[in-house]
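# Coordinate inspection notes
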Amino acid sequence: MNVTIVGGSFAGVYCAIKVKELYPSFDVLLIEKKEKIGYIPSGLSMLLNGEIDTLDEAYFMTKEELEESGIIVLTSTEVISYDLSNKMIQTSNGIKLFDKLVLATGSSQKSSKMFDEFSDIKTYKDRESAEITLKSLTEVQEVVVIGAGQAGMELASGLIHHGKTVHVIETMDYPLYKYFDKDFLESFYTTTGKIEGLTFYFNETVKQIDDSTLLFSSGNAIDIKEKLVLSANSVRPELSIFDNQLKSNSDNTIFVDDYLETSVQDVFAVGDLIQVPSFIFQTNVYAPLIVNAVQTSLTCAKNMIEKKEILRPMLKTIGVKLFDYYLASTGLMESEAFLYDERVKSVMMTLPISTIYKKDVTVKLVYNALTYHLLGVQLISKEPVLDKINTFALMIKEKIDIRTLNQLPHFYHAVFANTSLSFGDAFGKGDDLSEI
């Protein structure tokens, strides 16, 4: 059996490893167009934030490591066209035939039409563009970052760390809007807005860029002479190479069934190419996160020969350090309540992390107003709390009743050990939560 996987990032690599583990006798071929596999898309931000010393460290896997497990790896090999009905791929390294095909080509910052209109915008998601951007950063003092999502804020944090003056442009009226509610983040972005050298431009959309000016749709403008403009906008898959051979969704992702198989038999798709089932909304959503890339690839491998395991519903979960803050989020935000079938309520509190150091963490709980089941959690602190969000994600999946949180020490102490204040105390002993 010949299993061919196209794409050498998280989804493709983990799928190849799992297929070889489950079916040692299979010939597993991984094709990657870049010179190396396993580049971490946030490598530039990691470098700027001091997590790594060089971009050479921004790899989670090497070709040699995969080959040691018996996987055939072709790098510097670009796919030119697909003939899915005849199970054939035309590549820059000749024609490749397959019995099973896994598409793990990921997403691109250049899927936005912005790049067709504005040629001076720099990107950084792959190693080559990150190198170009890094070199450009040595030549400027001021940087314009388009997008205040996780990627844009990580860039801004790293750039400030390196002494740059940073201008962040965001269409919404606050940063990180996909993961945090505005009321919860207000103290964070008003505080970061006071950081020397950092300026936010909210409710603004880029309309035009030339050599000297970036013009907003509102009519406002930024002088960009001697400034570098970086895009941190949302990524999207590029499907034109499949030449309409595959059924797609309305958001330009590839349609797959519960077992990750596309509309063409024996052809699967994983990672940023597809939607994933949402645990909260009972529908499919586009969530290009590393955890989803890995989970879809592992599930795909298990269904390679026989459809026996559906993709489990997932929670939107992130953890990130920005400036001096640790922020984490999982599940439903209150601002998404209109998408949820039942009534939602929330409560926000500040808890001490430790009775010894008296450090605080601010927590927002979003819950079902009828069942009191926990639906979403947001955390922010100047102390490391990112690992705590996974326990909260488990609580959501277990449909924990928030009224009983102070009666669940095995959960509670796993989240905030040695804390003198319980969630029950925060609500108030004997309080009727329906009145919150």
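A brief report on the enclosed structure follows. These numbers come from a predicted model, not from an experiment.

## Description of helix α1 (residues 10–22)
Count 3.6 residues to each turn of an α-helix, and residues three or four apart come out pointing the same way. With 13 residues, α1 should cover 18 Å at 1.5 Å per step; its first-to-last C-alpha distance of 18 Å lies within 8% of that length. By the burial criterion, the buried members of α1 are F10, A11, G12, V13, C15, A16, K18, V19 and K20. For α1, the secondary structure elements touched by its buried residues are β1 (2–6), β2 (27–31), α3 (63–68), β7 (100–103) and α8 (290–302).

## Comments concerning the sheet that holds strand β15 (residues 267–269)
Pairing is parallel across the open sheet formed by 5 strands, whose spatial order is β3-β2-β1-β7-β15. Of all strands in the sheet, those with a lone pairing partner are β3 (72–74) and β15, marking the two edges. Across the sheet, the mean angle separating the axes of adjacent strands is 20° when strand polarity is ignored. With 4 bridges connecting them, β1 and β7 associate as parallel partners. Looking at the pairing, V3 lines up with K100 of β7. Across the sheet, α1 is in contact with β1, β2 and β7; its angle to β2 comes to roughly 175°.

## Here we look at the environment of I318
Here I318 lies in strand β18 (residues 317–322). Take I318: its relative accessible area is 4%, and that puts it in the buried class. Placed 10 residues apart in sequence, I318 and A328 show a C-alpha to C-alpha distance of 5.5 Å. Among residues more than four places away in sequence, those in contact with I318 are Q150, Y179, F180, L289, L327, A328, S329 and I389.

## Observations regarding the pattern of salt bridges
Scanning the model with the defined rule gives 22 salt bridges in all. Two residues, R127 and E131, come together in a salt bridge whose shortest N-O distance is 2.7 Å. Note that R127 and E131 are positioned in helix α5 (residues 127–137) at a spacing of 4 residues, about one turn of the helix. In this structure, K182 and D173 form a salt bridge, with 2.9 Å as the shortest nitrogen-oxygen distance. We classify K182 as partly exposed; its relative accessible area is 36%. For D173, a relative accessible area of 28% puts it in the partly exposed group. Three or more residues joined by partner-sharing salt bridges are found here, namely D181, D183, E334 and K364.

The rules behind each value
- Residues numbered from 1 in each chain as written.
- Predicted model: local features only at pLDDT ≥ 70, side-chain atom pairs only at ≥ 80, totals over all residues.
- Heavy atoms only, no water.
- Helix = DSSP H or I, 4+ residues; strand = E, 2+ residues; numbered from the N terminus.
- Expected span 1.5 Å × (residues − 1).
- Buried < 20%, exposed > 50% of the residue type's maximum accessible area, 1.4 Å probe, protein only.
- Contact = heavy atoms within 4.5 Å.
- Pairing = 2+ DSSP bridges.
- Axes fitted to C-alpha atoms, helices over the stretch in contact; angles between N-to-C directions.
- Salt bridge = Lys/Arg side-chain N within 4 Å of Asp/Glu carboxyl O.

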